[in-house]
Amino acid sequence: MSLPEYYYNDDTNSFAFSTCRERWPKILQDAIDDVNATSAHLQNDSTFANQGQEIVKGISQIRHELETDTPLSKFTDKQVAEVPGLSSFNATLDKFLSSNRYDSKHHQLSWLSAPWLFTECYLYRRVDALVKTQPKWVNYDIFHNLKQKSFKSSAVAVYELAKRYKALHEETFSKLNNPIDLEFGKILFKEYIDVCLWGNKIDLSLLANKSQNEVHSGQSAKARQEAEKNILSNDTEQIWEYLSTLPKENKRIDFVLDNSGFETFTDLNFALFLLDTKLASQVVIHCKTRPWMVSDSLIKDIDILLNDLTDANFFPESRDELTFTHDKIKKYLESGAISLQDSEFWTIDLDYWNIDPSNTKYYGAALYHELSKSDLVFIKGDLNYRKLTADRKWPKTEKFTKAIGPLASTGLKIVALRTCKADVTVGLPEGVNEALIDKWHKETDEIGELWSSSGNWAVISFSKGDLK
Ligand code: F6P
Ligand code: MG
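Within every chain, residues take consecutive numbers counted from 1 along the sequence as written. Chain letters start at A and ligand numbers start at 1, both assigned in the order the entries are written. The predicted nature of this model means local features are confined to residues of pLDDT at least 70 and side-chain atom pairs, given and counted, to a pLDDT of 80 or more, with totals for whole chains, interfaces and linings taken over all residues. Water and hydrogen atoms play no part in the side-chain values, which are based on all heavy atoms of the structure.

Caption draft 1: The arrangement of the coordination of the magnesium ion (ligand 2) in detail. Binding of the magnesium ion (ligand 2) to the protein goes through D258 (OD), N259 (OD1) and D296 (OD), at separations of 2.1 to 2.2 Å. Between consecutive donor residues of the magnesium ion (ligand 2), the sequence gaps follow D-N-x36-D. Of this pair, N259 sits in the loop between β2 (252–256) and α12 (262–276) while D296 sits in the loop between β3 (282–287) and α13 (299–310), and the two are 37 residues apart along the sequence. Accessibility classification places N259 together with D296 in one group, the buried group. The rule for donors is simple: an N, O or S atom within 2.8 Å of the metal counts, and for Na, K and Ca the reach is 3.2 Å. Water is not among the atoms, so a site may look short of donors. Secondary structure follows DSSP: runs of H or I at least 4 residues long count as helices, runs of E at least 2 residues long count as strands, and numbering of each begins at the N terminus. Burial classes follow relative accessibility: with a 1.4 Å probe on protein chains only, a residue under 20% of its type's maximum area counts as buried, one over 50% as exposed, and anything between as partly exposed.

Have a look at this one:
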């Protein structure tokens, strides 16, 4: 089967085009500013400050390469020896270079013309490799301050969710001996799946050119109701049908997280609902091993989130409700009903078609075996969706189960919960893409195709893993 092309950074109709020309330089500059500010703060530690300056120099160099569109260089042997996963990037660069596309003089394998998904992953690993070479900065998260600022600014939605959870717990969850009544369970399941979906509207890499208000506007219950019609492909019925008919005991549900702060808070609320109502007996949460795409969650970000919930300076209102939610999460973590994992796989360049027993070199096999133990895996967000679909130019009407390639036949039960912030979107009814192109162009005067990168629309897509 011949596969559709990737989205490339020189596709003028793609969000890739402005992303690499406008957003990435801004993200790099923000990282430089952050390191400078942190160094200035700790001025009396000259080693720390000097190493900080090395990081700043390195990031400025990356920015220069990007802006002058140089060819993508490989990670050095030393870097690969220290962080083995980087060899995957080098192997992919070799693979690209040997493909027909780069025989032609029209296409260089350079920052502004290489495949979008690969280059974006490569960018974050270049920055991470720089930070990791400075011993005093090894554990420094260059995006920590931004993540915290964003979480704090989503306070109103955090209060709303915590109040809702406490009320539901008191009225219903605390009185349940058996799994929840299915009719009521379905209504709440739908509510929490929507909360968790629109929680993904937050993505700090997008804040590079949007105001915080614009992004946070999607978080309230009212906004979610209004946005219902914007879920262009919605498999919630089928997911519920599957989940509610599973055997009663030992149900494991996994979440492959995306962004920290508010989105992770929505994921944790969904997890509480599933555990309290006995729709799940175990929830496993998958995090990144390193700072990624600005806002993604590492295991330590969950600790930070829990601390923020207990901090009355951070979240001054709804203290009872926040403490209640915090304590419930903590209890489930302590009992092991919620557990946290991370894997190097999530931050290499490979798409999720590599979550497969054959991928023994780059962690895909281990992850496959882990996810096989799950009854349902929620995969959150835009970048994860791009990796599920390999970020290829699928027709918008393509079936989700086709666009995720071999994953649809691995037995893994997967749900993608994603607000659309990039070009690739599948599962749409005939005619919807054309209508949205027209609408977006008329309303914004932008290229119509960019509707799919605006974050205003979303998809909830299910694969049972049983495609023959
Ligand atoms: O497409 C825009 C973008 O910011 C990409 O740069 C990145 O793939 C993605 O969205 C991050 O979004 P999310 O946090 O939902 O994965
Ligand atoms: Mg993200």
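Caption draft 2: Up close: the pairing of strand β7 (residues 458–463). Counting buried residues along β7, six of its six residues qualify, which places the element largely inside the surrounding structure. Neither face of β7 is open: one carries A458, I460 and F462, the other V459, S461 and S463, and all of them are buried. Think of it this way: DSSP has to see at least two bridges between two strands before they count as a pair. Where strand β6 (residues 414–419) meets β7, six bridges bridge the pair, whose relative direction is antiparallel. In the sheet register, L417 faces β7, and the bridge partner there is I460.

Caption draft 3: Geometry of the packing of aromatic side chains. The criterion for an aromatic pair is that two Phe, Tyr or Trp rings (for Trp, the six-membered ring) have centres within 6.5 Å, with stacked assigned to planes under 30 degrees apart, edge-to-face to planes over 60 apart and tilted to the rest. In the structure shown here, the tally under the stated rule is 36 aromatic pairs. Ring geometry for F118 versus Y122: centroids 5.9 Å apart, planes at 25 degrees, classification stacked. In this pair, F118 and Y122 are both assigned in helix α5 (residues 116–132), four residues apart and thus about one turn of the helix distant. This pair shows no difference in class: F118 is buried, exactly as Y122 is. Where Y192 meets F270, the ring centres are 6.4 Å apart and the plane angle is 5 degrees; that geometry is what we call stacked. Placement of Y192 in helix α8 (residues 182–198) and of F270 in helix α12 is noted, with a sequence separation of 78 residues between them. For Y192, a relative accessible area of 1% puts it in the buried group.

Caption draft 4: Seen up close, the pattern of salt bridges. Only one rule defines a salt bridge in this text: a Lys or Arg side-chain nitrogen within 4 Å of an Asp or Glu carboxyl oxygen. Enumeration over the complete set of coordinates arrives at 34 salt bridges. The partner of E263 in a salt bridge is K380, with the nearest N and O atoms 2.8 Å apart. Taken together, the residues span a long stretch of sequence, with E263 in helix α12 and K380 in strand β5 (residues 376–380) at a distance of 117 residues. Taken as a pair, E263 and K380 share a single burial class, namely buried. Salt-bridge contacts for K439 lead to E443; the nearest nitrogen and oxygen are separated by 3.1 Å. With a gap of four residues between them, K439 and E443 both fall in helix α18 (residues 432–444), about one helical turn apart.

Caption draft 5: Summary view of empty space enclosed by the protein. A cavity here means a set of 1 Å grid points, computed over protein atoms only, where a 1.4 Å probe fits but cannot escape. A pocket is an open set with protein on both sides within 12 Å along at least 5 of 7 lines, and lining residues have an atom within 4 Å of a point. Grid points are joined across faces, edges and corners, and a volume is the space filled by probe spheres set on the points. Inspection of every chain in the model, using the stated rule, returns six cavities of 30 Å³ or more. One number sums up the size of the second largest cavity: a volume of about 70 Å³. The wall of the second largest cavity is formed by H144, K147, Q148, F151, S260, G261, D301, I304, L305 and D308. Under this grouping Gly is polar, as are all residues other than the nonpolar Ala, Val, Leu, Ile, Met, Phe, Trp, Tyr, Cys and Pro and the charged Asp, Glu, Lys and Arg. When grouped by side-chain class, the residues that make up the lining of the second largest cavity number three nonpolar, four polar and three charged.

Caption draft 6: Representation of unusual backbone geometry within the structure. The residue N250 is not glycine, and still its phi comes out positive at about 50 degrees. Owing to a relative accessible area of 67%, N250 belongs among the exposed residues under this scheme. Phi angles above zero are rare outside glycine, and S318 is one such case at about 45 degrees. For S318, the position within the fold is in the loop between α13 and α14 (319–335).

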